[in-house]
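Working through the structure, step by step
Each chain, letter by letter, is given below.
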Amino acid sequence: MTQTSHALVIDGLTIDRPNGQPLLRQTSFAIDPAEVVLLVGPSGSGKSTIVKLLGGLLENGPGEWRVSGRLHCGGQPMDLATERSAVGGIVFQDHALFNDLSAVENLRIAADHAAHRPDSVLIADATALLDGIEPTQTVSSCSGGQRQRLAIARTLLADRPVLLFDEPNSGLDVAMARRLGELIRDLCRTMNKPALVVAHHVKDLLPVADRVLLFDTRNHRLVEVPRDAEAIEAALLALDESAPPNGSQAGLTETGLAETGLVEVGILRGAGKGRDWRQEIGHRSRFHWFLRYLAEYFWELCVSPLMLIYMGAGALIMGFVSMWFGFHYNSFGGYLKSLLHDETLVGLGLVQGTVAVPLISSILFVARNNAIIAADIGNRVLSSQFSAMQNLRITARGYIFSAILINMVVGSLILLVISLGMASWASMQTWHVQFPMQSFELWRSHFFRKLLPDGLHPSFSMVWVLLKVALSSLLAGGAAIVIGCGKKESVLEINAAIARSIIVGVTLTLLVHAIISILTL
Amino acid sequence: MTPVNALFGKPAAIAASLALGALFLSAGWTTLPTRHADATVSYELAAPMDGMPAASVAAPAAAPIPVPVFLMQPDHATMRSGTGLLQPDGRVDITLFDPSDPRLIHGSEALMFNTEFRVLWLLATDEERARLWHGIEEVGRGLRTAMDGIFESPEFTGEYRDALQEIGRMAIEEAWRAPSTRATYEEFLRSAEPMLHDIVGRDLKAIAMKQVEPLVWSLIGANVGMALDPFRSQSWDLAPVDQAIDAVLREAREAGLVNRAARQLADSWQAKAFLKTFAGNVVDALAHQQRLRDVAGRMVNDPRLAAYLKPVSGPAGDLARLAPDLLFGVQAGADLNALAAHTFQGFLTGRGGPLIVMMSARQREDILTLDRYSPRILLHAVPQ
């Protein structure tokens, strides 16, 4: 079993906000192994900042948070001004589960990216929490309690020396919150790890806390207070006179009571025996995860049935419109369609193959996928999934961003070929409606005269077509990632990011197509 | 999650994607040109007909050249039905687009043409050609009526005729005085003398000599009495000489001697050079005449003269609509006239080349009746 018996010692911690305002001044505290410390304080006081600092998620440097102080947790002491702490495994307030992965994959990816390969005891401890959860179950199908346990198990598998819980009882009713507290206490004792629990509503967690630290926002210090609810409330009221004196938990939701599943979690090791999670978790290489994300985004961005129907329909319409209106609404319309037929077909083939279909294909592809990317990335930002990935040492750039960009390029080219095929077919059928007595081969010989000069090999101009389609998709995908990665505080901001991503992506697409088309005239 | 995914699970969604991808790609695949298809039927060029002008036949090139192949249907509508390869030895291997097309039953015979508008005329039906002729005649009649009307109109005779005659006269005089005209004229005269000498010495002498002997006897007969009278006071009777000269002139005229001489003179390069130079100088003189431009401008803009063009405007408009309609098939909603499209393209690009039209034996005979020379007959050959 991977167990640490290191105490967490923070010495002389000073944190300044990005705006220069002080958060903490020369604060020191320690948490012993198997000790559960409750960190309480007014809303917005900065409790979660300390969790982020210990979990290595606080951005410090010029224009960011400024941190100084030292951290001891086994091994060499760490200078927090220059080094990023990696001691804390965080259980996020909103769980931050990877909702594109199944339950077991959430655990598997954490185990595969842990600093040390989790041993069977650690896996057993972590998976003991998962009774009632199917390994292949999707995150979205899990209840609130199941997600909570899944998030804790995932953090345990990361095997960090310190457990950090960011408001774990937020949104839970009294019974659930107390059971969760018991679970945390049992975990710490079983794994002999120190735990820092940030809590806004303290009553339910007090019974399991060994000590309580109060965030003194006036003096910018952490001070230890008695494990007494009234004393803590009084101290909090003193710090924030605008806060309601009582009933701060009155707003706790009643929802989820029936589906908590926490009732069984009091017993570790031996729970969840109904399914062998150890075998399910197994071990996968990083290349496996790269391929996993590559396949996931390939499916979502390129070849899902709706995507194919959407692109195919666009190409069908493009092929019909260019052929029908090309013959009917040019100069003198139908009167010259017979006389100018051959050259009209050659021209339509060239324009359709090198300009119209690539452009429509790119616009449809980028518009749809930029929306998906911005929504996906925005959701990951809003639900702290990227933070969780960072805390679990999973490189989002290596997996998600590269998978998106590769699929944007490859998918755009695959769908270009499909679109060209569909548009050509629609054009051929539309032409046959207009000239029913003629053989299809006549259409073939003229339509592809400049695209396939020898009837087999594409002309060199198709290289430029591939370039503009691939480049526009790459740039648009990059823009969607950048926009999606922006700060997200609400779903509304994700919606705005989606709209912005579509506009920027389509504009970039139009520009790339226009510039390359003009350059290759 | 897509609806397919939600309803039937991921495997069903993957299967749906694979099916859609295969469907789309196979649809696209069907649009690609057929490549490397074997020749369906072969022909070889028949020997050129006697009297066929060399320029009117499509001679086989040094390397195989692709030739479009059309099928003429019973109603004379043409459709593109394949591609041929004209080999240097005159062999034509034809790959039909669709050998199973039942319409090919009307295409047992084949003719090869040069790509030119005349082909459209030859391939038109008798009724279409009759309608076109009628239209052309109507235009001709209208044109004559219009020109007669203009030339006899008081507006023309009163304002333009004298001026145009004066301009013409001045241009001819100016051209005649031009040094280049004089030089070529002198050269023409110099070349004419030996030709006339030759005609007189050979043809006219023979005719004259035929009259000399009768003339001698006639003169003797007419003057024998006076020759024996030593005191004669009357002059000689020379009437036989006049008769002989008349006879010589009559015989020369009957023999076409004058016409032949004139033709011989006109055929000489000196005569052609003179006429070309003279005509060119007349045109130059006309072109430099500011008066002509003024008069012509006034005529064109004279609404009184325009009224006389009415007889031609109607038939010309009818013909302008009828000809493309019949020859090119340019009607709204009409199916493609592939031959017209190909011909028009060849006309515009100047790259006509040969084309092959497959037809029934009856249609081939009808076309050869119209024109024995421009189409080349293709004989059936064994495919290789």
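Sequence positions are assigned chain by chain, starting from 1 and proceeding in written order. Just so you know, chain letters begin at A and ligand numbers begin at 1, following the order they were written in. The predicted nature of this model means local features are confined to residues of pLDDT at least 70 and side-chain atom pairs, given and counted, to a pLDDT of 80 or more, with totals for whole chains, interfaces and linings taken over all residues.

- Per an unreviewed UniProt entry, the recorded name for chain A is ABC transporter, and the organism is Azospirillum palustre.

1. Quick look at the overall build of chain A
- Secondary structure elements follow DSSP: runs of H or I of four or more residues count as helices, runs of E of two or more count as strands, with numbering from the N terminus. Within chain A one finds 16 helices and 10 strands.
- Two things to know: the radius of gyration comes from C-alpha atoms, and the globule rule equals 2.2 Å times the number of residues to the power 0.38. Over its C-alpha trace chain A gives a radius of gyration of 30 Å, far above what one expects of a compact globule, namely 24 Å for 521 residues.
- Dimensions along the principal axes, computed over C-alpha positions, put chain A at roughly 95 × 55 × 45 Å.
- Taking contacts inside chain A between residues at least 6 apart in sequence as the whole, the part at least 24 apart equals 80%. Think of it this way: build a C-beta for each residue from its backbone, and any pair within 7 Å is a contact.

2. Some words on the overall build of chain B
- A count of helical and extended segments in chain B gives 14 helices and 7 strands.
- Here a residue counts as buried when 20 or more other C-beta atoms sit within 10 Å of its C-beta, as exposed when there are 12 or fewer, and as partly exposed otherwise, the C-beta atoms being derived from the backbone. The buried share among the 384 residues of chain B stands at 23%.
- The long-range fraction of contacts in chain B, counting pairs at least 24 apart against all pairs at least 6 apart in sequence, stands at 78%.

3. Section: the interface of chain A and chain B
- With 35 residues of chain A in contact, the opposing surface of chain B contributes 38 residues.
- Secondary-structure elements contributing two or more residues to the side of chain A that touches chain B are α9 (305-328), α10 (334-337), α11 (341-382), α13 (396-434) and α14 (440-447) of chain A.
- Element by element, the count of residues in the side of chain A that touches chain B is highest for α13 of chain A, at 7 residues.
- Residue classes follow a fixed rule: Ala, Val, Leu, Ile, Met, Phe, Trp, Tyr, Cys and Pro count as nonpolar, while Asp, Glu, Lys and Arg count as charged, and any other residue, Gly among them, counts as polar. Partitioning the side of chain A that touches chain B into residue classes produces 20 nonpolar, 11 polar and 4 charged.

4. Some points on the domain arrangement of chain A
All names here are of chain A.
- Entries for chain A in the domain assignment read domain 1 (10-284) and domain 2 (288-519).
- Residue ranges for the domains trace back to a domain assignment, done automatically or taken from a database. Relative placement of domain 1 and domain 2: their C-alpha centres are 45 Å apart.
- With 16 residues of domain 1 in contact, the opposing surface of domain 2 contributes 13 residues.
- Elements represented by at least two residues in the side of domain 1 that touches domain 2 include exactly β6 (88-91) and α2 (103-112).
- Looking at the side of domain 1 that touches domain 2, the element that brings in the most residues is α2, giving 3 residues.

5. Structural notes on helix α14 (residues 361-370) of chain B
All names here are of chain B.
- Along α14, the positions that sit buried rather than exposed are Gln363, Arg364 and Ile367. Considered in projection along α14, the buried side chains sweep an arc of 100° and stay on one side of the axis. Among the exposed residues of α14, those pointing more than 90 degrees away from its buried face are Ala361, Arg362, Glu365 and Thr369.
- On its buried face, α14 sits against β2 (65-72), β5 (109-114), α3 (117-123) and β6 (354-359). By arc we mean the arc of the directions from the helix axis to the C-beta atoms, nothing more.

6. A short note on unusual backbone geometry
Residues and elements named next belong to chain A.
- In this model, Ala34 sits at a positive phi of 65°, which is unusual for a non-glycine residue.
- Of note, Ala34 is situated in the loop between β2 (22-31) and β3 (36-40).
- You can call Ala34 partly exposed: it has 19 C-beta atoms within 10 Å.
- Notably, Glu167 is not glycine yet its phi reads approximately 45°, a positive angle.
- Looking at the secondary structure, you find Glu167 in the loop between β7 (162-166) and α5 (174-191).

7. Description of the nonpolar core
- Buried Ala, Val, Leu, Ile, Met, Phe, Trp, Tyr and Cys residues whose C-beta atoms connect them within 7 Å together make up a nonpolar core. Counting residues in hydrophobic clusters, the biggest one holds 138 residues, and the most contacted among them are Leu38, Leu39, Val40, Leu157 and Val197 of chain A.
- Among the elements that make up this core, the one with the highest residue count is α13 of chain A (14 residues).
- Taken domain by domain, the makeup of this core includes at least three residues from each of domain 1 (10-284) and domain 2 (288-519) of chain A.
- With residues near it in sequence (within four places) discarded, Val197 of chain A still touches Val36, Leu38, Leu39, Phe165, Pro168, Ile184 and Leu205 of chain A.
- Ranked by size, the runner-up nonpolar core spans 50 residues in total, among them Val41, Phe97, Leu111 and Ile367 of chain B.

8. So, the sheet that holds β5 of chain B
All names here are of chain B.
- Should DSSP find at least two bridges between two strands, the strands are taken to pair. Reading around the circumference, β1-β4-β3-β2-β6-β5-β7 is the order of the 7 strands in this closed barrel, with mixed pairing throughout. The mean angle between the axes of side-by-side strands here comes to 35°, regardless of whether they run parallel or antiparallel.
- As paired elements, β2 and strand β3 (residues 78-86) share 8 bridges and run antiparallel to each other. Paired with Pro66 across the bridge in β3 is Leu85.
- The convention used is that axes are lines fitted to C-alpha atoms, helices contributing only their stretch in contact, and that angles between N-to-C directions extend from 0 to 180 degrees. Sheet strands touched by helix α13 (residues 338-349): β2, β3 and β6. Its angle to β3, the strand with the most contacts, is close to 55°.
- The strands touched by α14 are β2, β5 and β6; relative to β5, the strand with the most contacts, the crossing angle is about 35°.

9. Observations concerning the UniProt feature "transmembrane region" (unreviewed entry) in chain A
- UniProt positions are given in the numbering used here, feature names are shortened, and annotations may be inferred rather than shown by experiment. Mapped onto this numbering, the UniProt entry annotates "transmembrane region" (unreviewed entry) at residues 297-325, 345-367, 399-426, 462-485 and 497-519 of chain A.
- With 100% helix and 0% strand, the stretch residues 345-367 of chain A has end C-alpha atoms that lie 30 Å from each other.

10. Details of the packing of α11 of chain A against helix α16 (residues 491-519) of chain A
Residue and element names in this part refer to chain A.
- Between α11 and α16, whose axes approach to 8 Å, the crossing angle comes to 150°. Comparing their axes, α16 and α11 come out roughly antiparallel. Where α11 crosses over α16, the two elements pack in a sense that is right-handed. Angles are sorted into four bins: roughly parallel if under 35 degrees, roughly antiparallel if over 145, roughly perpendicular if 65 to 115, and oblique for all others. Working rule for handedness: look at the near helix, and if it is turned counterclockwise from the far one by less than a right angle, call the crossing left-handed; if clockwise, right-handed.

11. Quick look at the packing of α11 of chain A against α13 of chain B
- One way to put it is that α11 of chain A packs onto α13 of chain B with a least axis distance of 7 Å and a crossing angle of 80°. Classed by the angle they form, the pair α11 of chain A and α13 of chain B counts as roughly perpendicular. Contact residues: α11 of chain A offers His341, Asp342 and Glu343 of chain A, while α13 of chain B offers Ala341, His342 and Gln345 of chain B.
- For the contact of α11 of chain A with α13 of chain B, the residue count by class is 1 nonpolar, 3 polar and 2 charged.

12. Here we look at the confidence of the model for chain B
All names here are of chain B.
- With 83% of its residues at a pLDDT of at least 70, chain B reaches an overall mean of 80.
- Values of pLDDT, the confidence the predictor places in each residue, fall between 0 and 100. With pLDDT under 50 throughout, residues 53-57 is counted as low confidence; its partners more than four residues away or in other chains account for 6 contacts.
- Every residue in residues 227-232 scores below 50 in pLDDT, and together they form 1 contact with partners more than four places removed in sequence or on other chains.
- The ipTM value of the predicted complex is 0.80, and its pTM value is 0.73.

13. Describing the sheet that holds strand β8 (residues 195-199) of chain A
All names here are of chain A.
- Judged by pairing direction, the sheet is mixed, and its 6 strands sit side by side in the order β6-β7-β8-β3-β9-β10 without closing on themselves. A single partner strand is all that each edge strand has here, and the edge strands are β6 and β10 (221-225). Across the sheet, the mean angle separating the axes of adjacent strands is 25° when strand polarity is ignored.
- With 5 bridges joining them, strand β9 (residues 211-216) and β10 adopt antiparallel strand pairing. The partner of Val212 across the bridge, within β10, is Val225.
- The strands touched by helix α1 (residues 47-55) within the sheet are β3, β6, β7, β8 and β9, with β7 carrying the most contacts at an inclination of about 150°.
- Taken strand by strand, helix α4 (residues 144-158) contacts β6 and β7, and its axis lies near 170° from that of β6.

14. A closer look at the pairing of β3 of chain B
Residues and elements named next belong to chain B.
- Counted residue by residue, β3 has 8 buried out of 9 residues, so it is predominantly covered.
- In this sheet, strand β4 (residues 91-96) lies alongside β3 in antiparallel orientation, the contact comprising 5 bridges. Each residue of the ladder has a partner; that of Gly82, found in β4, is Leu96.
- Where β3 folds back onto β4 in an antiparallel hairpin, the turn is made up of 4 residues, including Gly90, whose phi is positive at roughly 90°.

15. Some words on the environment of Tyr373 of chain B
- Tracing the backbone shows Tyr373 of chain B in the loop between α14 and β7 (376-381).
- Residues Tyr373 of chain B and Phe113 of chain B lie 260 residues apart in sequence; the distance between their C-alpha atoms is 10.0 Å.

16. Concerning the pairing of β7 of chain B
Residues and elements named next belong to chain B.
- Of the strand pairs in this sheet, strand β1 (residues 41-45) and β7 are connected by 4 bridges, and their pairing is antiparallel. Its bridge partner lying in β7, Glu44 is registered against Leu379.
- Relative to β7, β5 runs antiparallel, the two being bridged by 3 bridges. Paired with Leu111 across the strands is Ile377, a residue of β7.

17. Side note on α13 of chain B
Residue and element names in this part refer to chain B.
- By definition here, a helix of n residues has an expected span of 1.5 Å times n minus one. End to end, α13 covers 16 Å across 12 residues, agreeing with the expected 16 Å (1.5 Å per residue, within 8%).
- Within α13, burial applies to Ala338, Leu339, Ala340, Ala341, His342, Thr343, Phe344 and Gly346.
- At the C-terminal side of α13, Gly350 shows a positive phi close to 75°.

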